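Read off the chains here:
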Amino acid sequence: MNILITGPPSIGKTTLLEEIKNKIRDSGFSIGGMYCPEIRENSRRTGFNIVDIASLRKGILASIHNTKGPSLGRYRINLDEINDVGVLALKNALKTSDYIFIDEIAPMELASSSFSQTVWEVMESQKPVIAVIQQRSNYPFILKVKSREDVNIFNLTLENRDFIMDKILKVLKISL
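The present account deals with the structure reproduced in this document. (Residues numbered from 1 in each chain as written. Predicted model: local features only at pLDDT ≥ 70, side-chain atom pairs only at ≥ 80, totals over all residues. Heavy atoms only, no water.)

**Description of the layout of surface pockets**
Here is step 1: Of the voids in this model, the largest pocket is the one considered here, and its volume is about 910 Å³.
Here is step 2: Lining the largest pocket are 33 residues, with Lys 13, Thr 14, Arg 45, Phe 48 and Glu 104 positioned closest to its centre.
Here is step 3: Sorting the residues of the lining of the largest pocket by element identifies helix H1 (13–26), strand E4 (44–52) and strand E8 (99–105) as the ones contributing at least two each.
Here is step 4: Ranked by residues supplied to the lining of the largest pocket, first place goes to H1 with 6 residues.
Here is step 5: For the lining of the largest pocket, the per-class residue count stands at 17 nonpolar, 7 polar and 9 charged. (1 Å grid on protein atoms, 1.4 Å probe; cavity = no way out; pocket = protein on both sides within 12 Å on 5 of 7 lines; lining within 4 Å. Points joined across faces, edges and corners; volume = space filled by probe spheres on them. Helix = DSSP H or I, 4+ residues; strand = E, 2+ residues; numbered from the N terminus. Nonpolar A, V, L, I, M, F, W, Y, C, P; charged D, E, K, R; others polar.)

**What to know about unusual backbone geometry**
Here is step 1: Residue Asp 103 is joined to Glu 104 through a cis peptide bond whose omega torsion reads 15°.
Here is step 2: Looking at where Glu 104 falls in the secondary structure, it is placed in strand E8.
Here is step 3: Backbone geometry at Asn 42 places phi at a positive 50°, although glycine is not the residue there.
Here is step 4: When you line up the elements, Asn 42 lands in the loop between strand E3 (38–41) and E4.
Here is step 5: Asn 42 gets classed as exposed once you look at its relative accessible area, which sits at 79%.
Here is step 6: Look at Lys 173: it is not a glycine, yet its phi comes out positive at around 60°.
Here is step 7: Relative to the elements of secondary structure, Lys 173 occurs in the segment after helix H5 (164–172).
Here is step 8: Assessed through its relative accessible area of 71%, Lys 173 is described here as exposed. (Buried < 20%, exposed > 50% of the residue type's maximum accessible area, 1.4 Å probe, protein only.)

What follows is the structure in structure tokens.
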């Protein structure tokens, strides 16, 4: 079972994912995967970290300070960190975790072909995957993931964000 959470920027997708992750962990299940929190300097976003949920190992996904790697907007993407932290986190979660979390499936992370291959591999597994995915993207891999028959897509809005977690947990069969 694959759950995809989408919605406009800054609506609370990552916050929702964090709340679901905590609820599942509190229910006694093991969790793994990766997330990409912002790096802020003087109240200004300057990049993104990439963090392994299980080990808390951290790297820099992208930064305005990077001097090499592919560009996306004003950021330079660190492919080594995507592979060494993000891909490894997903592969380890596939082996050791009950639930796999991905924040997020977006062009920055998908600059690594290993990342997209690993995302597909975890989605093909029998383990539940809960992922944040870009809402309005024509990126081929994102469209391919959204069109899978085994996904439930939840569009987070201001109107539903107070009760959408309960719906997702019911689909996952996690007690409220």
